[in-house]
Protein chains: 2
Amino acid sequence: MTVTIYDVARESGVSMATVSRVVNNNPNVKPQTRKKVFDAIEKLGYRPNAVARGLASKKTTTVGVVIPDISNTIFSEVARGVEDIANMYRYNIILCNSDKKKEKEIQVINTLLEKQVDGLLFMGGTVSEDHIQAFKTASVPIVLCGTKEESEKIPSVDIDHEKAAYDAVQSLINAGHRDIALIGGNFEDLAKGFARYQGYKKAMEDAGLTLNEDLIRVGNFRYESGLESMKQFLQTERKPSAVFAVTDEMAIGAIHAIQDEGLKVPEDISVISVDNIRMASMVRPLLTTVAQPMYDIGAVSMRLLTKLMVNEEIEQSQIILPHELIQRESVASLS
Amino acid sequence: MTVTIYDVARESGVSMATVSRVVNNNPNVKPQTRKKVFDAIEKLGYRPNAVARGLASKKTTTVGVVIPDISNTIFSEVARGVEDIANMYRYNIILCNSDKKKEKEIQVINTLLEKQVDGLLFMGGTVSEDHIQAFKTASVPIVLCGTKEESEKIPSVDIDHEKAAYDAVQSLINAGHRDIALIGGNFEDLAKGFARYQGYKKAMEDAGLTLNEDLIRVGNFRYESGLESMKQFLQTERKPSAVFAVTDEMAIGAIHAIQDEGLKVPEDISVISVDNIRMASMVRPLLTTVAQPMYDIGAVSMRLLTKLMVNEEIEQSQIILPHELIQRESVASLS
DNA sequence: CTGTTAGCGCTTTCAG
DNA sequence: CTGAAAGCGCTAACAG
């Protein structure tokens, strides 16, 4: 029923090897025989079996990607970059959601490896010792995407989260703000939550400003938590004149909390954040934020992985992509 | 270097067949031997090769999913439903973006089939004759997710887009609106763009209202086009009292166009749409919309596919999921 | 330029 | 409950 390379060989009167050659575009085939083979392929409706090929060649041309949550816009934009480049180099991707649960992450890494992926792209929260251990059992290259780990042994691509946060806060300070609140994210998340907090702290300290515990809240990176956090700031007697939210979603939540209170952004309170998700330019006022190049992070990670998979020489295995402050409408100068 | 089932067999003093049995949880193995085998597996760090297994068993436990654009929130929410259920039934998914380009769609369908996926989930715009042709060459089940085709031969799951649009517009009419503008989407997109337009038209006609060409614009489903379309309506002398946008994104664009003009939603103009993306409850005013269960559409599609893949009896192969009007803040009564 | 021949690592009858 | 053996469909030397 299923037509194999053998059937094509018989039909066209050549050997399997020759059929294999024409299917794989090997130049060492006389144009004439090539034609015969193509005709047979067409006639029989032959479709090469990639699984058999994978077993024989030990290459599957598919890469595994573990992602926290594909329905989260921030990751889905990265994923698009990943897939586009994968595609460009003829790879397919097996996508696995992990919800940043360590157990789940380790589990999917293993099943991906069982499936003999040619490489692995890992996007997650923190990379623990257990992760490293799991990676070690792999015989294929791995790149971290949007994270990194201490030792910097594993190739990775990300932005400098601390610096991005620093730049955001500094721009607030430059605009004359002194009472700057922070809506942070999970500090356990070293690569992102903690790093962005560090950037805030450093910018404040460098400006000779002291951190005020009352002006620090930690949310979960999401809209609702930004809204909640801001509501609480609004109840304190000495309201901040500006707030730095560690993600756009929380910033937008904050903006709405402010507006719901009858106050205006940026006239009464300025808001800034980091990310630049699509929605940042789909709100009023337009959100001022430090852009992180989501698509590029995915694309560059995948490009790096393709190089690693063919043992290509690479100049740089710890890649930091640039971020950029996008001035829009949510920050006012206090002069 | 790589440890195979044969190595485990030797190490534990049993046959490959027995090792295969314990790995596959076949009950016909004496607990004692089972233990021996597990010990050997652990000792050698054996990891089953899913590609070899796939070749031998003709099952890969992976399904292909072709999706228009994973970075589009509407599809990424569906994708999450798909992956969750796939996972639950031990399948992995190979994800391919198609951008709704027919050529690309056909191409990825073919490579997915070459990779011997056990089933195919297709989300796209319109399903043409060429698609059907490509599907026919497949020997595995296929389900359409968020689309359908004329003949209804191919299993599918979706909502009733026409009825959803109808309900939205009808609610506007019930609220006393008469001048209801439409911001539509590509009419070539039969399953969605055109169907939703039909719903609008029918609701108007059923209420004895005549369609006004000046009050109809077609966008591309996205925010910017909603904003643009609304701007144009605002310049006409007889402004609509309400607008029905075929997607939430366009509705939000419309809201901003209205607000940018110094008018208020819903006091001056009401806005309603269909979708209920996460952002619908992350704007001011909160968007009133007809919710389509994105996650469920993905989950139910995948569940249907899992049944098809094991030849399970199915009662219903054309599944229509319910939609629901979510009253929030963007529609005012004209009484 | 083309054919022969081993496998790739696992599942699956078929015996026993 | 366990083993032997025959493939699954293809690639990759190696010859010629």
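The structure presented is a predicted model; accordingly, all values stated were derived computationally and were not measured. (Residues numbered from 1 in each chain as written. Chains lettered and ligands numbered in written order. Predicted model: local features only at pLDDT ≥ 70, side-chain atom pairs only at ≥ 80, totals over all residues. Heavy atoms only, no water.)

Q: Which parts of the structure should I look at to understand the protein's contact with DNA strand C?
A: DNA strand C sits among 27 residues. The nearest are Arg21 of chain A together with Ile5, Ser20, Tyr46 and Arg53 of chain B. Put simply, 62% of the atoms of DNA strand C that lie within 4 Å of the protein are in sugar or phosphate. With respect to DNA strand C, the backbone of Ala52 of chain B contributes an N or O atom lying 3.4 Å from a base nitrogen. Breaking the surface near DNA strand C down by element, the ones donating at least two residues are helix H2 (16–23) and helix H4 (50–57) of chain A together with helix H2 (16–23) and helix H4 (50–57) of chain B. For the surface near DNA strand C, the element with the most residues is H4 of chain B, which contributes 4 residues. For the surface near DNA strand C, a count of residues per class yields 12 nonpolar, 11 polar and 4 charged. (Near = heavy atom within 4 Å. Polar contact = N/O pair within 3.5 Å; in protein donor to acceptor, adjacent residues only side chain to side chain. Helix = DSSP H or I, 4+ residues; strand = E, 2+ residues; numbered from the N terminus. Nonpolar A, V, L, I, M, F, W, Y, C, P; charged D, E, K, R; others polar.)

Q: How do you make sense of the interface of chain B and chain A when you look at a structure like this?
A: Taken together, the 52 residues of chain B in the interface contact 52 residues of chain A. Counting each side, the surface lost to burial between chain B and chain A is near 4,400 Å², with a carbon and sulfur contribution of 50%. At the junction of chain B and chain A, the tally comes to 10 salt bridges. Arg80 of chain B is the salt-bridge partner of Asp99 of chain A, the closest N and O atoms lying 2.3 Å from each other. Inspection of the region where chain B meets chain A yields 26 residue pairs in polar contact (both at pLDDT 80 or more). Among the elements of the structure, H4, helix H5 (73–88), strand S2 (92–97), helix H6 (102–114), helix H10 (223–235) and helix H11 (248–260) of chain B are those that each provide at least two residues to the side of chain B that touches chain A. For the side of chain B that touches chain A, a count of residues per class yields 20 nonpolar, 17 polar and 15 charged. Where strand S2 (residues 92–97) of chain A and S2 of chain B come together, 3 bridges link them in antiparallel fashion. (Contact = heavy atoms within 4.5 Å. Buried area = accessible area lost by both parts, 1.4 Å probe. Salt bridge = Lys/Arg side-chain N within 4 Å of Asp/Glu carboxyl O. Pairing = 2+ DSSP bridges.)

Q: Quick question: what am I supposed to make of the pairing of strand S10 (residues 288–291) of chain A here?
A: Moving residue by residue along a regular strand, the side chains alternate between the two faces of the sheet. All names here are of chain A. Of the pairings in the sheet, the one linking strand S9 (residues 270–275) to S10 comprises 4 bridges and is parallel in character. Counted as the bridge partner of Ser273 is Thr289 from S10. Alignment of S10 against strand S12 (residues 324–326), held across 3 bridges, turns out to be antiparallel. Paired with Thr289 across the two strands is Ile326, which belongs to S12.

Q: Is there a simple way to explain the UniProt feature "domain: HTH lacI-type" (unreviewed entry) in chain A in this structure?
A: Look at the UniProt record and you will see "domain: HTH lacI-type" (unreviewed entry) annotated at residues 3–57 of chain A. When the span residues 3–57 of chain A is considered, its composition is 69% helix and 0% strand, and the gap between its end C-alpha atoms is 20 Å. (UniProt positions renumbered as here; feature names shortened; annotations may be inferred.)

Q: Is there a simple way to think about the pattern of salt bridges in this case?
A: When the charged atoms of two side chains lie near each other, side chains of opposite charge can form a pair. Following the criterion strictly, the structure yields 36 salt bridges over all chains and no others. In this structure, Lys43 of chain A and Glu11 of chain A form a salt bridge, with 2.7 Å as the shortest nitrogen-oxygen distance. Taken together, the residues Lys43 of chain A in helix H3 (residues 31–44) and Glu11 of chain A in helix H1 (residues 5–12) connect sequence positions 32 residues apart. Among the residues examined, Glu11 of chain A registers a relative accessible area of 37% and is labelled partly exposed. The salt bridge partner of Asp130 of chain B is Lys102 of chain B, with a shortest N-O separation of 2.9 Å. Taken together, the residues span a long stretch of sequence, with Asp130 of chain B in helix H7 (residues 129–136) and Lys102 of chain B in helix H6 at a distance of 28 residues. A relative accessible area of 40% places Asp130 of chain B in the partly exposed class. Each of Asp69 and Asp99 of chain A together with Arg80 and Asp84 of chain B takes part in a single network of salt bridges with overlapping partners. (Buried < 20%, exposed > 50% of the residue type's maximum accessible area, 1.4 Å probe, protein only.)

Q: So what exactly am I meant to see when it comes to unusual backbone geometry here?
A: With the exception of glycine, most residues fall at negative phi, and the peptide bonds are largely trans. All names here are of chain A. Following Val265, the chain continues to Pro266 via a peptide bond in cis, the omega torsion being 5 degrees. Within the element layout of this structure, Pro266 appears in the loop between helix H11 (248–260) and S9. Although it is not a glycine, Arg90 adopts a positive phi angle of roughly 65 degrees. Assessed through its relative accessible area of 65%, Arg90 is described here as exposed.

Q: Can you help me understand the protein's contact with DNA strand D in this one?
A: Neighbouring residues of DNA strand D: 26 residues in total, closest Ile5, Tyr46 and Arg53 of chain A together with Thr18 and Arg21 of chain B. Restricting the count to atoms of DNA strand D within 4 Å of the protein gives a sugar and phosphate share of 64%. Between Tyr46 of chain A and DNA strand D, the recorded distance is 2.4 Å, taken from a side-chain N or O atom to a phosphate oxygen. Contributions of two or more residues to the surface near DNA strand D are made by H2 and H4 of chain A together with H2 and H4 of chain B. Counting residues per element, the surface near DNA strand D draws most heavily on H4 of chain A, at 4 residues. Grouping the constituent residues of the surface near DNA strand D by class yields 12 nonpolar, 10 polar and 4 charged.

Q: Before we go on, may I ask you to explain the relation of the copies chain B and chain A in this structure?
A: Taken together, a rotation about one axis and a shift along it account for how the two chain copies relate. If you rotate chain B by 180 degrees and push it 0.0 Å along the axis, it lands on chain A with an RMSD of 0.1 Å. The two molecules are tied by a two-fold rotation axis, judged by turn and shift. Every residue of chain B has its C-alpha some distance from the rotation axis, and the shortest such distance is that of Ile94 of chain B, at 2.2 Å. Looking at the interface residues of chain B, 100% of them are also at the interface in chain A, so both copies use one shared face. (Least-squares fit on C-alpha atoms with pLDDT ≥ 70 in both.)

Q: Can you walk me through the nonpolar core in this structure?
A: In summary, soluble globular proteins display a tendency toward joint burial of nonpolar side chains. Ranked by internal contacts, the top residues of the largest apolar core, which has 156 residues, are Phe244 and Met302 of chain A together with Phe244 and Met302 of chain B. The residues contacting Met302 of chain A, other than those within four sequence positions of it, are Val63, Val82, Ile85, Ala86, Tyr91, Leu121 and Met309 of chain A. In terms of nonpolar packing, the next biggest core, distinct from the first, is built from 38 residues, Ile109, Leu113, Ala134 and Phe135 of chain A among them. (Core = buried A, V, L, I, M, F, W, Y, C linked by side-chain atoms within 4.5 Å.)

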